[in-house]
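# Results of the structural survey
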Amino acid sequence: MIGLTAVAIAMALASPARAVEIDRLTGRWSSLDLDECQYPDDSEAAPLRIEHDADATHIGNYGWLCTVSDWKRDDGDLVGEAKACGQEGGDETFDQAFRLGLDGGDRLIMTDGGTVTALRRCPAAQ
């Protein structure tokens, strides 16, 4: 599975990307090789969720949450810094840099702390 994920990420990064607004990135996102979309948000297997309100963008899932207050555009991607992210089971907070964009196949390409992840959008809830 690791090999497939690496190939999928390489293909996603090679696909042409286009400038994106944060509203196009909101919703639930699952890894390419797992179906996390089937799990509710209060489950440990929940997919990544991106929500945007008037004050900030919230990125996380059941086990962790980061909030980015300000996005900057860089080559069509959005780049932002989250301060004081939280993680389940830990009292320590941490800062996290994010780079978000869409590839040519409308997959989310997320770079956080040097890790590049390609995710597919979960279908809308019924």
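These notes cover the structure that comes with them. All values derive from a computational prediction rather than experimental measurement. (Residues numbered from 1 in each chain as written. Predicted model: local features only at pLDDT ≥ 70, side-chain atom pairs only at ≥ 80, totals over all residues. Heavy atoms only, no water.)

## A word on the pairing of strand β2 (residues 48–52)
As paired elements, strand β1 (residues 27–31) and β2 share three bridges and run antiparallel to each other. In the sheet register, Arg-28 faces β2, and the bridge partner there is Arg-49. The pairing of β2 with strand β3 (residues 57–61) spans four bridges and is antiparallel. In the strand pairing of β3, Ile-50 is matched with Ile-59. With antiparallel pairing between neighbouring strands as the criterion, β2 and β3 make up a hairpin whose turn holds four residues. (Pairing = 2+ DSSP bridges. Helix = DSSP H or I, 4+ residues; strand = E, 2+ residues; numbered from the N terminus.)

## Remarks on the nonpolar core
Membership of the largest hydrophobic core comes to 19 residues, with the highest contact counts inside it found for Leu-25, Ile-59, Leu-100 and Leu-108. Those elements that provide at least two residues to this core are β2, β4 (64–74), β5 (77–87), β6 (94–102) and β7 (108–112). When neighbours within four sequence positions are excluded, Leu-25 is seen to be in contact with Val-20, Ile-50, Leu-78, Leu-100, Leu-102, Leu-108 and Arg-121. (Core = buried A, V, L, I, M, F, W, Y, C linked by side-chain atoms within 4.5 Å. Buried < 20%, exposed > 50% of the residue type's maximum accessible area, 1.4 Å probe, protein only. Contact = heavy atoms within 4.5 Å.)

## Structural notes on the sheet that holds β6
The eight strands are arranged β1-β2-β3-β4-β5-β6-β7-β8 in a closed barrel whose pairing can be described as antiparallel. Sheet twist, expressed as the average angle between the axes of neighbouring strands with direction ignored, equals 30°. (Axes fitted to C-alpha atoms, helices over the stretch in contact; angles between N-to-C directions.)

## Regarding the state of the cysteines
Applying the stated criterion across every chain, the model contains two disulfides. One disulfide in the model links Cys-37 with Cys-122; its S-S distance is 2.0 Å. Because the sign of the S-S torsion sets the handedness, a value of about -85° for the bond joining Cys-37 and Cys-122 places this disulfide among the left-handed ones. Here Cys-37, found in the loop between β1 and β2, pairs with Cys-122, found in the segment after β8 (115–121); they are 85 residues apart in sequence, far enough to count as distant. A single burial state applies to Cys-37 and to Cys-122, both of which are buried. One disulfide bridge connects Cys-66 with Cys-85, the sulfur atoms lying 2.1 Å from each other. With the S-S bond torsion at 120°, the cross-link from Cys-66 to Cys-85 turns out right-handed. One end of the pair, Cys-66, is in strand β4; the other, Cys-85, is in strand β5, and 19 residues separate them in sequence. (Disulfide = S-S within 2.5 Å.)

## Concerning the pattern of salt bridges
Counting across every chain of the model gives eleven salt bridges. Across the salt bridge formed by Arg-73 and Glu-21, the nearest N and O atoms sit 2.7 Å from each other. On the criterion of sequence distance, the pair formed by Arg-73 in strand β4 and Glu-21 in the loop between α1 (2–14) and β1 is long-range, its members being 52 residues apart. Judged by relative accessible area, which is 41%, Arg-73 ranks as partly exposed. Relative accessible area serves as the criterion here: at 48%, Glu-21 is assigned to the partly exposed category. Through salt bridges with shared partners, a single ionic network connects Arg-28, Asp-41, Arg-49 and Glu-51. (Salt bridge = Lys/Arg side-chain N within 4 Å of Asp/Glu carboxyl O.)

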